[in-house]
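Reading the structure
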Amino acid sequence: MEKFVINGGNALKGEVRISGAKNAAVAILPAVMLADSPCIIENLPNISDVTAILRVMQELGANVRLINKTTVEIDPKNINSFVVTKEMAEGMRASSYFLGALLGRMNKARVAPPGGCNFGVRPIDQHIKGFEALGAKMDIVKGMVDGKASQLRGASIYLDMVSVGATINIMLAAVKAKGLTVIENAAKEPHIVDLANFLNSMGANIMGAGTSMIKIRGVESLKGTSYSIIPDQIEAGTYMAAAVGVGGDVLVTNVTPKHLESIIAKLREIGAEITEYDEAVRVKMSIRPKKCNVKTMPHPGFPTDMQPQIATVLTVCEGTSIVTEGVWDNRFRYIEQLTSMGADVQVEGKMAVITGVKNLNPAPVKAVDLRAGAAMIIAGLMAKGTTEVEDIQYIDRGYENIVEKFTALGADIKRVPIMDNMVAYKNA
Ligand code: EPU
(Lines give C-alpha, C1' and ligand atoms only; values in the text may rest on other atoms or scores of the structure.)
Protein backbone atom coordinates (compact mmCIF):
# COMPACT_ATOMS: atom_id res chain seq x y z
CA MET A 1 0.00 0.00 0.00
CA GLU A 2 1.13 3.51 -0.76
CA LYS A 3 0.17 7.10 0.02
CA PHE A 4 1.00 10.54 -1.31
CA VAL A 5 2.87 12.96 0.93
CA ILE A 6 2.42 16.54 -0.21
CA ASN A 7 4.14 19.67 1.06
CA GLY A 8 1.74 22.33 -0.15
CA GLY A 9 2.11 26.00 -0.84
CA ASN A 10 4.36 26.07 -3.95
CA ALA A 11 2.88 27.89 -6.94
CA LEU A 12 2.63 25.67 -10.04
CA LYS A 13 4.75 26.72 -13.01
CA GLY A 14 5.71 25.00 -16.24
CA GLU A 15 4.25 22.57 -18.73
CA VAL A 16 2.23 19.37 -18.36
CA ARG A 17 1.42 16.96 -21.19
CA ILE A 18 -1.98 15.30 -21.02
CA SER A 19 -2.37 11.56 -21.65
CA GLY A 20 -5.01 9.73 -23.67
CA ALA A 21 -8.58 9.80 -22.34
CA LYS A 22 -9.40 7.07 -19.81
CA ASN A 23 -13.09 6.99 -20.63
CA ALA A 24 -12.40 6.72 -24.36
CA ALA A 25 -9.76 4.03 -23.85
CA VAL A 26 -12.03 1.84 -21.71
CA ALA A 27 -14.64 1.86 -24.51
CA ILE A 28 -12.29 1.57 -27.50
CA LEU A 29 -10.32 -1.39 -26.13
CA PRO A 30 -13.37 -3.69 -25.79
CA ALA A 31 -14.52 -2.41 -29.20
CA VAL A 32 -11.38 -3.96 -30.72
CA MET A 33 -13.02 -7.34 -30.07
CA LEU A 34 -15.50 -6.56 -32.86
CA ALA A 35 -12.74 -6.58 -35.52
CA ASP A 36 -11.65 -9.57 -37.61
CA SER A 37 -7.99 -8.53 -37.70
CA PRO A 38 -5.44 -6.78 -35.43
CA CYS A 39 -5.81 -3.15 -34.31
CA ILE A 40 -3.11 -0.74 -33.18
CA ILE A 41 -4.27 1.66 -30.47
CA GLU A 42 -2.11 4.72 -29.79
CA ASN A 43 -2.09 7.38 -27.06
CA LEU A 44 -3.31 4.87 -24.47
CA PRO A 45 -3.02 6.20 -20.93
CA ASN A 46 -0.79 4.11 -18.68
CA ILE A 47 -3.31 3.70 -15.84
CA SER A 48 -4.61 0.72 -13.90
CA ASP A 49 -8.09 0.77 -15.52
CA VAL A 50 -6.46 0.24 -18.92
CA THR A 51 -4.17 -2.52 -17.64
CA ALA A 52 -7.22 -4.25 -16.13
CA ILE A 53 -9.13 -4.18 -19.44
CA LEU A 54 -6.14 -5.47 -21.41
CA ARG A 55 -5.78 -8.31 -18.89
CA VAL A 56 -9.45 -9.28 -19.32
CA MET A 57 -9.06 -9.22 -23.11
CA GLN A 58 -6.03 -11.52 -22.84
CA GLU A 59 -7.97 -13.90 -20.62
CA LEU A 60 -10.74 -13.98 -23.23
CA GLY A 61 -8.17 -15.06 -25.84
CA ALA A 62 -6.91 -11.82 -27.42
CA ASN A 63 -3.24 -11.50 -28.29
CA VAL A 64 -2.00 -8.25 -26.75
CA ARG A 65 1.43 -6.87 -27.65
CA LEU A 66 2.83 -3.65 -26.18
CA ILE A 67 4.61 -1.69 -28.91
CA ASN A 68 5.68 1.10 -26.58
CA LYS A 69 4.39 2.72 -23.36
CA THR A 70 1.34 4.22 -25.05
CA THR A 71 0.77 1.94 -28.04
CA VAL A 72 -0.61 -1.56 -28.10
CA GLU A 73 -1.40 -4.05 -30.84
CA ILE A 74 -4.36 -6.32 -30.18
CA ASP A 75 -5.30 -9.33 -32.28
CA PRO A 76 -8.85 -10.38 -31.36
CA LYS A 77 -8.93 -13.39 -33.75
CA ASN A 78 -8.65 -16.07 -31.06
CA ILE A 79 -11.17 -14.66 -28.61
CA ASN A 80 -13.35 -17.64 -27.84
CA SER A 81 -14.69 -17.04 -24.33
CA PHE A 82 -17.73 -14.91 -23.58
CA VAL A 83 -17.45 -14.94 -19.77
CA VAL A 84 -15.96 -12.12 -17.68
CA THR A 85 -16.01 -13.28 -14.06
CA LYS A 86 -16.06 -11.14 -10.91
CA GLU A 87 -12.35 -11.87 -10.35
CA MET A 88 -11.54 -10.74 -13.91
CA ALA A 89 -13.65 -7.57 -13.63
CA GLU A 90 -12.54 -6.67 -10.09
CA GLY A 91 -13.29 -3.03 -9.26
CA MET A 92 -13.77 -1.97 -12.89
CA ARG A 93 -16.82 0.07 -13.87
CA ALA A 94 -16.16 -0.29 -17.56
CA SER A 95 -16.45 -4.10 -17.37
CA SER A 96 -20.02 -3.55 -18.54
CA TYR A 97 -18.64 -2.67 -22.00
CA PHE A 98 -17.69 -6.33 -22.38
CA LEU A 99 -21.44 -7.03 -22.49
CA GLY A 100 -21.98 -4.91 -25.60
CA ALA A 101 -18.68 -5.93 -27.23
CA LEU A 102 -19.17 -9.68 -26.66
CA LEU A 103 -22.82 -9.57 -27.73
CA GLY A 104 -21.71 -7.71 -30.85
CA ARG A 105 -18.94 -10.24 -31.54
CA MET A 106 -20.48 -13.58 -30.54
CA ASN A 107 -24.18 -12.94 -29.85
CA LYS A 108 -23.57 -14.02 -26.27
CA ALA A 109 -22.03 -12.51 -23.16
CA ARG A 110 -21.85 -13.25 -19.44
CA VAL A 111 -20.26 -10.49 -17.37
CA ALA A 112 -20.00 -9.85 -13.62
CA PRO A 113 -21.83 -6.68 -12.56
CA PRO A 114 -19.69 -3.55 -12.78
CA GLY A 115 -17.68 -2.21 -9.83
CA GLY A 116 -15.74 1.06 -9.97
CA CYS A 117 -16.21 4.27 -8.00
CA ASN A 118 -18.97 4.29 -5.45
CA PHE A 119 -21.13 7.38 -5.63
CA GLY A 120 -24.62 6.06 -5.20
CA VAL A 121 -26.53 3.40 -7.05
CA ARG A 122 -25.00 2.70 -10.47
CA PRO A 123 -27.75 0.87 -12.35
CA ILE A 124 -27.41 -0.52 -15.88
CA ASP A 125 -31.11 -0.78 -16.66
CA GLN A 126 -30.74 1.39 -19.77
CA HIS A 127 -27.96 -0.83 -21.12
CA ILE A 128 -30.20 -3.88 -20.60
CA LYS A 129 -33.17 -2.15 -22.19
CA GLY A 130 -31.01 -1.41 -25.24
CA PHE A 131 -29.73 -4.99 -25.59
CA GLU A 132 -33.29 -6.32 -25.27
CA ALA A 133 -34.52 -3.92 -27.93
CA LEU A 134 -31.81 -5.33 -30.23
CA GLY A 135 -33.24 -8.82 -29.62
CA ALA A 136 -30.99 -10.19 -26.85
CA LYS A 137 -32.50 -12.22 -24.04
CA MET A 138 -31.07 -10.83 -20.81
CA ASP A 139 -30.92 -12.76 -17.50
CA ILE A 140 -28.93 -13.08 -14.32
CA VAL A 141 -26.96 -16.37 -14.28
CA LYS A 142 -24.81 -17.24 -11.24
CA GLY A 143 -24.82 -13.58 -10.19
CA MET A 144 -23.61 -12.47 -13.63
CA VAL A 145 -25.44 -10.51 -16.31
CA ASP A 146 -26.11 -12.93 -19.15
CA GLY A 147 -27.23 -12.06 -22.66
CA LYS A 148 -27.79 -14.12 -25.76
CA ALA A 149 -29.37 -13.71 -29.17
CA SER A 150 -29.62 -15.75 -32.34
CA GLN A 151 -29.21 -12.55 -34.37
CA LEU A 152 -29.14 -8.96 -33.10
CA ARG A 153 -31.42 -6.67 -35.10
CA GLY A 154 -31.43 -2.87 -35.31
CA ALA A 155 -34.06 -1.03 -33.25
CA SER A 156 -35.07 2.42 -32.05
CA ILE A 157 -34.03 2.99 -28.45
CA TYR A 158 -34.95 6.03 -26.38
CA LEU A 159 -32.77 6.38 -23.27
CA ASP A 160 -34.76 7.46 -20.21
CA MET A 161 -31.75 9.44 -19.00
CA VAL A 162 -28.60 10.56 -20.76
CA SER A 163 -26.19 7.72 -20.04
CA VAL A 164 -22.63 7.55 -21.34
CA GLY A 165 -22.37 3.84 -20.55
CA ALA A 166 -25.68 2.85 -22.13
CA THR A 167 -24.94 4.88 -25.28
CA ILE A 168 -21.54 3.18 -25.66
CA ASN A 169 -22.81 -0.31 -24.88
CA ILE A 170 -25.67 -0.04 -27.38
CA MET A 171 -23.26 1.24 -30.06
CA LEU A 172 -21.00 -1.77 -29.43
CA ALA A 173 -23.86 -4.27 -29.69
CA ALA A 174 -25.54 -2.57 -32.66
CA VAL A 175 -22.59 -1.96 -34.94
CA LYS A 176 -22.81 -5.44 -36.51
CA ALA A 177 -26.55 -6.00 -35.92
CA LYS A 178 -28.84 -6.39 -38.96
CA GLY A 179 -30.41 -3.10 -40.04
CA LEU A 180 -30.69 0.35 -38.52
CA THR A 181 -30.38 1.23 -34.83
CA VAL A 182 -31.35 4.69 -33.61
CA ILE A 183 -30.33 5.84 -30.13
CA GLU A 184 -32.36 8.83 -28.97
CA ASN A 185 -31.40 11.01 -25.99
CA ALA A 186 -27.87 9.70 -26.48
CA ALA A 187 -24.90 11.02 -24.50
CA LYS A 188 -22.70 13.51 -26.41
CA GLU A 189 -19.37 13.26 -24.54
CA PRO A 190 -16.15 13.54 -26.60
CA HIS A 191 -15.41 9.88 -25.85
CA ILE A 192 -18.69 8.85 -27.53
CA VAL A 193 -17.50 10.63 -30.68
CA ASP A 194 -14.07 9.04 -30.32
CA LEU A 195 -15.59 5.55 -30.10
CA ALA A 196 -17.75 6.24 -33.18
CA ASN A 197 -14.70 7.51 -35.10
CA PHE A 198 -12.77 4.39 -34.13
CA LEU A 199 -15.60 2.04 -35.15
CA ASN A 200 -16.10 3.95 -38.42
CA SER A 201 -12.39 3.63 -39.16
CA MET A 202 -12.89 -0.16 -38.90
CA GLY A 203 -15.72 0.02 -41.45
CA ALA A 204 -18.77 0.73 -39.28
CA ASN A 205 -21.55 3.05 -40.39
CA ILE A 206 -22.33 5.37 -37.46
CA MET A 207 -23.77 8.86 -37.88
CA GLY A 208 -24.70 11.57 -35.41
CA ALA A 209 -22.24 10.78 -32.61
CA GLY A 210 -21.88 13.95 -30.55
CA THR A 211 -25.59 14.79 -31.00
CA SER A 212 -28.54 13.38 -29.07
CA MET A 213 -29.51 11.06 -31.96
CA ILE A 214 -27.06 8.42 -33.13
CA LYS A 215 -27.86 6.25 -36.15
CA ILE A 216 -26.02 2.98 -36.63
CA ARG A 217 -26.47 0.96 -39.79
CA GLY A 218 -25.21 -2.55 -39.08
CA VAL A 219 -22.34 -3.92 -41.19
CA GLU A 220 -21.29 -7.55 -41.80
CA SER A 221 -17.75 -7.25 -40.52
CA LEU A 222 -15.15 -4.83 -39.17
CA LYS A 223 -11.48 -4.83 -40.08
CA GLY A 224 -8.46 -3.92 -37.96
CA THR A 225 -7.23 -0.33 -37.95
CA SER A 226 -4.70 2.05 -36.36
CA TYR A 227 -6.24 4.65 -34.10
CA SER A 228 -5.03 7.33 -31.68
CA ILE A 229 -7.19 8.06 -28.61
CA ILE A 230 -8.23 11.66 -27.84
CA PRO A 231 -6.60 13.56 -24.95
CA ASP A 232 -8.22 13.25 -21.52
CA GLN A 233 -10.27 16.37 -20.87
CA ILE A 234 -10.73 15.50 -17.19
CA GLU A 235 -7.01 15.00 -16.61
CA ALA A 236 -6.46 18.36 -18.35
CA GLY A 237 -9.19 19.98 -16.24
CA THR A 238 -7.62 18.57 -13.08
CA TYR A 239 -4.24 20.26 -13.77
CA MET A 240 -6.04 23.45 -14.79
CA ALA A 241 -8.04 23.46 -11.54
CA ALA A 242 -4.85 22.79 -9.56
CA ALA A 243 -3.19 25.81 -11.18
CA VAL A 244 -6.20 27.94 -10.24
CA GLY A 245 -6.39 26.63 -6.66
CA VAL A 246 -2.67 26.87 -5.93
CA GLY A 247 -1.84 29.84 -8.20
CA GLY A 248 0.83 30.01 -10.88
CA ASP A 249 1.24 29.73 -14.63
CA VAL A 250 0.77 26.35 -16.31
CA LEU A 251 0.76 25.34 -19.97
CA VAL A 252 -1.39 22.24 -20.45
CA THR A 253 -0.41 20.55 -23.72
CA ASN A 254 -1.84 17.77 -25.93
CA VAL A 255 -5.45 18.84 -25.33
CA THR A 256 -8.46 19.66 -27.49
CA PRO A 257 -9.57 23.10 -26.16
CA LYS A 258 -13.08 22.58 -27.62
CA HIS A 259 -13.56 19.68 -25.16
CA LEU A 260 -12.63 21.99 -22.28
CA GLU A 261 -15.13 24.80 -22.96
CA SER A 262 -17.28 24.45 -19.85
CA ILE A 263 -14.22 24.00 -17.62
CA ILE A 264 -12.49 27.04 -19.14
CA ALA A 265 -15.65 29.14 -18.69
CA LYS A 266 -15.94 28.30 -14.99
CA LEU A 267 -12.23 28.74 -14.23
CA ARG A 268 -12.37 32.17 -15.92
CA GLU A 269 -15.35 33.06 -13.71
CA ILE A 270 -13.21 32.10 -10.71
CA GLY A 271 -10.56 34.56 -11.87
CA ALA A 272 -8.10 32.60 -14.02
CA GLU A 273 -6.55 34.06 -17.16
CA ILE A 274 -6.81 31.33 -19.79
CA THR A 275 -5.32 31.42 -23.29
CA GLU A 276 -6.39 28.80 -25.81
CA TYR A 277 -4.03 27.51 -28.49
CA ASP A 278 -4.63 24.83 -31.14
CA GLU A 279 -3.61 21.94 -28.88
CA ALA A 280 -2.83 23.60 -25.57
CA VAL A 281 -4.24 25.95 -22.94
CA ARG A 282 -2.33 28.26 -20.63
CA VAL A 283 -3.74 28.94 -17.18
CA LYS A 284 -2.50 31.87 -15.09
CA MET A 285 -3.86 32.64 -11.64
CA SER A 286 -2.59 35.40 -9.40
CA ILE A 287 -5.59 36.36 -7.23
CA ARG A 288 -7.74 34.70 -4.56
CA PRO A 289 -10.44 32.59 -6.29
CA LYS A 290 -13.75 34.40 -6.74
CA LYS A 291 -17.04 32.73 -5.80
CA CYS A 292 -18.81 30.81 -8.55
CA ASN A 293 -21.86 28.54 -8.81
CA VAL A 294 -21.40 25.27 -10.69
CA LYS A 295 -23.96 22.69 -11.76
CA THR A 296 -22.77 19.45 -13.30
CA MET A 297 -24.61 18.10 -16.32
CA PRO A 298 -24.05 15.71 -19.22
CA HIS A 299 -21.82 17.10 -22.00
CA PRO A 300 -21.65 19.93 -23.07
CA GLY A 301 -22.51 20.90 -19.48
CA PHE A 302 -19.89 21.09 -16.74
CA PRO A 303 -18.59 17.52 -16.23
CA THR A 304 -19.43 15.69 -13.02
CA ASP A 305 -15.91 14.23 -13.16
CA MET A 306 -14.55 17.75 -12.47
CA GLN A 307 -16.95 18.48 -9.59
CA PRO A 308 -14.66 17.53 -6.66
CA GLN A 309 -11.69 19.39 -8.16
CA ILE A 310 -13.56 22.67 -8.72
CA ALA A 311 -15.32 22.44 -5.35
CA THR A 312 -11.89 22.10 -3.72
CA VAL A 313 -10.67 25.27 -5.44
CA LEU A 314 -13.82 27.07 -4.25
CA THR A 315 -13.15 26.22 -0.58
CA VAL A 316 -10.82 29.24 -0.50
CA CYS A 317 -12.97 31.57 -2.62
CA GLU A 318 -14.03 35.03 -1.63
CA GLY A 319 -17.71 34.67 -0.69
CA THR A 320 -20.08 31.70 -0.97
CA SER A 321 -20.34 29.30 -3.89
CA ILE A 322 -22.96 26.65 -4.61
CA VAL A 323 -21.98 23.42 -6.34
CA THR A 324 -24.88 21.27 -7.54
CA GLU A 325 -24.41 17.67 -8.67
CA GLY A 326 -26.72 16.98 -11.59
CA VAL A 327 -25.57 13.50 -12.64
CA TRP A 328 -24.86 11.23 -9.65
CA ASP A 329 -26.94 10.69 -6.48
CA ASN A 330 -24.08 10.77 -4.04
CA ARG A 331 -20.89 12.46 -5.17
CA PHE A 332 -20.14 14.56 -2.09
CA ARG A 333 -18.66 11.86 0.14
CA TYR A 334 -15.27 13.56 -0.11
CA ILE A 335 -16.52 16.80 1.48
CA GLU A 336 -15.83 15.36 4.93
CA GLN A 337 -12.15 15.15 3.97
CA LEU A 338 -12.14 18.81 2.93
CA THR A 339 -13.83 19.93 6.15
CA SER A 340 -11.12 18.07 8.08
CA MET A 341 -8.73 20.49 6.33
CA GLY A 342 -10.73 23.48 7.55
CA ALA A 343 -13.10 23.97 4.60
CA ASP A 344 -16.57 25.33 5.41
CA VAL A 345 -19.02 23.28 3.35
CA GLN A 346 -22.64 22.32 4.05
CA VAL A 347 -24.09 19.52 1.94
CA GLU A 348 -27.86 19.55 1.36
CA GLY A 349 -28.77 16.57 -0.82
CA LYS A 350 -27.22 17.19 -4.22
CA MET A 351 -26.03 20.68 -3.33
CA ALA A 352 -22.89 21.82 -1.54
CA VAL A 353 -22.79 25.34 -0.11
CA ILE A 354 -19.16 26.41 0.14
CA THR A 355 -18.24 29.44 2.22
CA GLY A 356 -14.71 30.37 1.30
CA VAL A 357 -12.04 30.29 4.03
CA LYS A 358 -8.64 32.02 3.76
CA ASN A 359 -6.59 28.80 3.66
CA LEU A 360 -6.92 25.05 3.90
CA ASN A 361 -4.91 23.37 6.66
CA PRO A 362 -2.84 20.25 6.02
CA ALA A 363 -4.37 17.01 7.36
CA PRO A 364 -4.37 13.27 6.73
CA VAL A 365 -7.08 12.58 4.12
CA LYS A 366 -8.33 9.73 1.95
CA ALA A 367 -9.17 9.40 -1.72
CA VAL A 368 -12.78 8.20 -1.51
CA ASP A 369 -12.91 7.73 -5.30
CA LEU A 370 -10.88 8.60 -8.39
CA ARG A 371 -11.80 12.28 -8.91
CA ALA A 372 -12.22 12.93 -5.19
CA GLY A 373 -8.67 11.60 -4.86
CA ALA A 374 -7.43 14.09 -7.46
CA ALA A 375 -9.24 16.79 -5.49
CA MET A 376 -7.38 15.75 -2.32
CA ILE A 377 -4.08 16.25 -4.15
CA ILE A 378 -5.21 19.74 -5.17
CA ALA A 379 -6.24 20.43 -1.56
CA GLY A 380 -2.86 19.19 -0.34
CA LEU A 381 -1.06 21.44 -2.83
CA MET A 382 -3.18 24.41 -1.69
CA ALA A 383 -2.56 23.88 2.05
CA LYS A 384 0.78 25.12 3.44
CA GLY A 385 2.40 22.19 5.29
CA THR A 386 2.27 18.40 4.96
CA THR A 387 -0.87 16.60 3.79
CA GLU A 388 -0.96 12.83 3.40
CA VAL A 389 -3.43 11.22 1.00
CA GLU A 390 -4.28 7.55 1.49
CA ASP A 391 -6.25 5.05 -0.64
CA ILE A 392 -4.44 6.32 -3.71
CA GLN A 393 -5.20 3.15 -5.68
CA TYR A 394 -8.33 5.02 -6.81
CA ILE A 395 -6.19 7.83 -8.24
CA ASP A 396 -3.95 5.34 -10.09
CA ARG A 397 -7.05 4.06 -11.91
CA GLY A 398 -7.22 7.24 -13.95
CA TYR A 399 -4.13 9.49 -13.71
CA GLU A 400 -0.89 8.55 -15.45
CA ASN A 401 2.34 9.59 -13.66
CA ILE A 402 0.52 12.08 -11.47
CA VAL A 403 3.46 12.50 -9.09
CA GLU A 404 5.93 13.07 -11.93
CA LYS A 405 3.60 15.52 -13.70
CA PHE A 406 2.95 17.63 -10.58
CA THR A 407 6.64 17.49 -9.60
CA ALA A 408 7.59 18.88 -13.02
CA LEU A 409 5.27 21.82 -12.24
CA GLY A 410 7.20 22.55 -9.05
CA ALA A 411 4.95 20.73 -6.58
CA ASP A 412 6.43 18.83 -3.66
CA ILE A 413 4.61 15.47 -3.81
CA LYS A 414 5.97 11.98 -3.16
CA ARG A 415 4.58 8.47 -3.35
CA VAL A 416 5.66 6.55 -0.26
CA PRO A 417 4.90 3.02 0.93
CA ILE A 418 2.62 2.58 3.94
CA MET A 419 4.08 0.10 6.39
CA ASP A 420 1.48 -2.18 7.88
CA ASN A 421 1.46 -2.40 11.71
CA MET A 422 3.45 -5.62 11.82
CA VAL A 423 6.27 -4.32 9.61
CA ALA A 424 6.32 -1.03 11.53
CA TYR A 425 6.56 -3.00 14.79
CA LYS A 426 9.45 -5.16 13.50
CA ASN A 427 11.31 -2.08 12.28
CA ALA A 428 10.83 -0.21 15.56
N1 EPU B 1 -28.06 5.60 -15.05
C2 EPU B 1 -29.18 4.87 -14.84
N3 EPU B 1 -29.35 3.70 -15.55
C4 EPU B 1 -28.43 3.27 -16.44
C5 EPU B 1 -27.29 4.03 -16.65
C6 EPU B 1 -27.11 5.20 -15.94
O7 EPU B 1 -30.03 5.22 -14.03
O8 EPU B 1 -28.66 2.21 -17.05
C9 EPU B 1 -27.86 6.87 -14.33
C10 EPU B 1 -26.69 6.81 -13.36
O11 EPU B 1 -27.07 6.28 -12.11
C12 EPU B 1 -26.27 8.26 -13.29
C13 EPU B 1 -26.57 8.78 -14.71
O14 EPU B 1 -27.52 7.86 -15.27
O15 EPU B 1 -27.04 8.95 -12.37
C16 EPU B 1 -25.38 8.89 -15.65
O17 EPU B 1 -24.67 7.67 -15.70
P18 EPU B 1 -23.77 7.24 -16.96
O19 EPU B 1 -24.31 5.96 -17.46
O20 EPU B 1 -23.67 8.38 -17.89
O21 EPU B 1 -22.36 6.99 -16.27
P22 EPU B 1 -21.33 5.82 -16.58
O23 EPU B 1 -21.35 5.47 -18.00
O24 EPU B 1 -21.49 4.75 -15.57
C25 EPU B 1 -19.38 7.41 -17.22
C26 EPU B 1 -17.97 7.63 -16.77
C27 EPU B 1 -17.98 8.31 -15.40
C28 EPU B 1 -18.77 9.61 -15.48
C29 EPU B 1 -20.16 9.36 -16.08
C30 EPU B 1 -20.93 10.66 -16.33
C31 EPU B 1 -16.80 5.82 -17.81
C32 EPU B 1 -16.08 4.53 -17.65
N33 EPU B 1 -17.29 6.36 -16.69
O34 EPU B 1 -19.97 6.56 -16.25
O35 EPU B 1 -16.63 8.61 -15.14
O36 EPU B 1 -18.91 10.17 -14.21
O37 EPU B 1 -20.05 8.66 -17.32
O38 EPU B 1 -20.22 11.48 -17.19
O39 EPU B 1 -16.89 6.36 -18.90
C40 EPU B 1 -14.73 8.94 -13.85
O41 EPU B 1 -14.06 8.93 -14.88
O42 EPU B 1 -14.28 9.30 -12.73
C43 EPU B 1 -16.12 8.51 -13.90
C44 EPU B 1 -16.78 8.12 -12.83
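Details of the structure are given in the entry above.
This report concerns the structure included in the present document. (Residues numbered from 1 in each chain as written. Predicted model: local features only at pLDDT ≥ 70, side-chain atom pairs only at ≥ 80, totals over all residues. Heavy atoms only, no water.)

1. Considering the site of the ligand
Around the ligand, a shell composed of 25 residues is seen, among which Gln126, Ser163, Val164, Asp305 and Val327 lie nearest. Here lysine 22 contributes a side-chain N or O atom positioned 3.2 Å from an oxygen atom of the ligand. Between the ligand and the protein, one listed contact pairs an oxygen atom with a side-chain N or O atom of asparagine 23 at 3.1 Å. Protein chains shield 91% of the accessible area of the ligand, which is 830 Å² for the free molecule. Where the shell around the ligand is concerned, the elements lending two or more residues are helix 1 (22-31), helix 5 (125-133), helix 6 (164-174) and helix 12 (370-382). When the residues that make up the shell around the ligand are grouped by side-chain class, the tally is 12 nonpolar, six polar and seven charged. (Near = heavy atom within 4 Å. Polar contact = N/O pair within 3.5 Å; in protein donor to acceptor, adjacent residues only side chain to side chain. Areas by Shrake-Rupley, 256 points an atom, 1.4 Å probe, with all protein chains shown as cover. Helix = DSSP H or I, 4+ residues; strand = E, 2+ residues; numbered from the N terminus. Nonpolar A, V, L, I, M, F, W, Y, C, P; charged D, E, K, R; others polar.)

2. What to know about the environment of phenylalanine 332
Its place among the elements puts phenylalanine 332 in the loop between strand 19 (320-324) and helix 11 (335-340). Sequence separation of phenylalanine 332 and lysine 350 is 18 residues, and the distance between their C-alpha atoms is 7.9 Å. Not counting residues up to four positions away in its chain, the partners in contact with phenylalanine 332 are Gln307, Val323, Glu325, Val347, Gly349, Lys350, Met351 and Ala352. (Contact = heavy atoms within 4.5 Å.)

3. Side note on the packing of helix 10 (residues 307-314) against helix 12
Packing of helix 10 against helix 12 brings their axes to within 7 Å, and their N-to-C directions diverge by 25°. Taken together, the axis directions place helix 10 and helix 12 in an arrangement best described as roughly parallel. Relative to helix 12, helix 10 is oriented so that their crossing is right-handed. Taking contact as the criterion, the partners of Pro308, Gln309, Thr312 and Val313 in helix 10 are, on helix 12, Arg371, Ala372, Ala374, Ala375, Ile378, Ala379 and Met382. Of the residues assigned to the contact of helix 10 with helix 12, the class counts are eight nonpolar, two polar and one charged. (Axes fitted to C-alpha atoms, helices over the stretch in contact; angles between N-to-C directions. Parallel < 35°, antiparallel > 145°, perpendicular 65-115°, else oblique. Left-handed = near helix turned anticlockwise from the far one by under 90°.)

4. With respect to the sheet that holds strand 13 (residues 213-217)
Taken in spatial order, the four strands make up an open sheet running 10-11-13-12, and their pairing is mixed. At either margin of the open sheet sits one strand with a lone partner, and together these are strand 10 (156-158) and strand 12 (205-207). Adjacent strand axes in the sheet meet at a mean angle of 15°, parallel and antiparallel pairs treated alike. Pairing geometry for strand 10 and strand 11 (residues 180-184), over three bridges, is parallel. Opposite serine 156, over in strand 11, you have valine 182 as the bridge partner. (Pairing = 2+ DSSP bridges.)

5. Examining helix 2 (residues 48-60)
A rise of 1.5 Å per residue sets the reference length of helix 2, with its 13 residues, at 18 Å; its end C-alpha atoms lie 18 Å apart and thus fit the reference within 8%. Against helix 1, strand 4 (63-68), strand 5 (71-75), strand 6 (83-84), helix 3 (86-89) and helix 4 (97-106) lie the buried residues of helix 2. Directly after helix 2, the chain includes glycine 61, whose backbone phi takes a positive value near 120°. (Expected span 1.5 Å × (residues − 1).)

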